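# Geometric and topological summary
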Amino acid sequence: MIEETKFEKLFSTPLLRFKVANHAALSRALLAEGAMMQSEEDGVSKSNRLGWHSSGNLFDRNADPIVELRVAAEMAILAATRRITTKVDPETLKMKLFGWMNVNPQGGYNVPHTHPGAHWSGVYYVSQPEIDEGNSGMIEFLAPRTDLSHWAILKASAFSLKKRIRPAAGEIVVFPSYLLHWVYPNEADADRVTIAFNATFSKPKG
Ligand SMILES: [Fe+2]
């Protein structure tokens, strides 16, 4: 009686995850670099509650592990971009990366926020303390659409209100910077350490 003539998925939100090879050695070196930074600066207060948030652009530092992470982050951003478009080669654009380190001790968390002005945001998980149960260390993304709650009855994943994941150490998570997200309190004794970054593309001059 009817024939479907079109099915479109409008306004999707990409979420990508990558695993960094040799991440254990990289993370050890990043932790040492982070300890040095913490001894040099007090950090800043942003979306973090408790904990330490490095100031300035982490990627301005030229220490080997920071450079190595920057290369991995750039690769992740390029790969994510290629996943969402074939009309632009992201390598023909200029990419600005701005990064910072978050150290969340027990009880530390991040309130809901977006990263305005950037295209992509990403997080590298330097350390993710093990837990037996609960939501400790999880990052939760909140749907950018309103009025979704009555869709719950249809159990359609595209119309869910939130998506919660618990990335492992060594993973890079990439998502659009407009996506509202927050981090559950760290319930473990050990610090939860992440390096977050924003990637912004622009047209090269000339
Ligand atoms: Fe964030």
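Keep in mind that what you see is a predicted model, and the values were worked out from it rather than measured. (Residues numbered from 1 in each chain as written. Predicted model: local features only at pLDDT ≥ 70, side-chain atom pairs only at ≥ 80, totals over all residues.)

Before going further, it helps to spend a moment on the sheet that holds strand β9 (residues 171-176). Overall, antiparallel pairing links the six strands, which are arranged β1-β9-β6-β11-β4-β3 in an open sheet. Each edge of the open sheet is held by one strand with a lone partner, namely β1 (16-19) and β3 (52-53). Strand direction decides the pairing type here: strand β4 (residues 94-104) and strand β11 (residues 192-202), joined by eleven bridges, are antiparallel. Looking at β11, one finds that M101 is bridged to I195. Here helix α1 (residues 23-40) sits on the sheet and contacts β3, β4, β6 (120-127) and β11; the angle it forms with β6, its principal contact strand, is near 95°. (Pairing = 2+ DSSP bridges. Helix = DSSP H or I, 4+ residues; strand = E, 2+ residues; numbered from the N terminus. Contact = placed C-beta atoms within 7 Å. Axes fitted to C-alpha atoms, helices over the stretch in contact; angles between N-to-C directions.)

Turning our attention to α1. End to end, α1 covers 25 Å across 18 residues, agreeing with the expected 26 Å (1.5 Å per residue, within 8%). Inspection of α1 places H23, S27, L30, E33, G34 and M37 among the buried residues, and these make up the whole buried set. Here the buried residues of α1 occupy an arc of 125° about the axis, which is enough to place them on one side. Exposed residues lying more than 90 degrees from the buried face of α1 are A24, A25, A32, A35, M36 and S39. Along its buried surface, α1 packs onto α2 (64-84), β4, β6 and β11. (Expected span 1.5 Å × (residues − 1). Buried ≥ 20, exposed ≤ 12 C-beta atoms within 10 Å, placed from the backbone. Arc of directions from axis to C-beta.)

These figures capture arrangement, not role.
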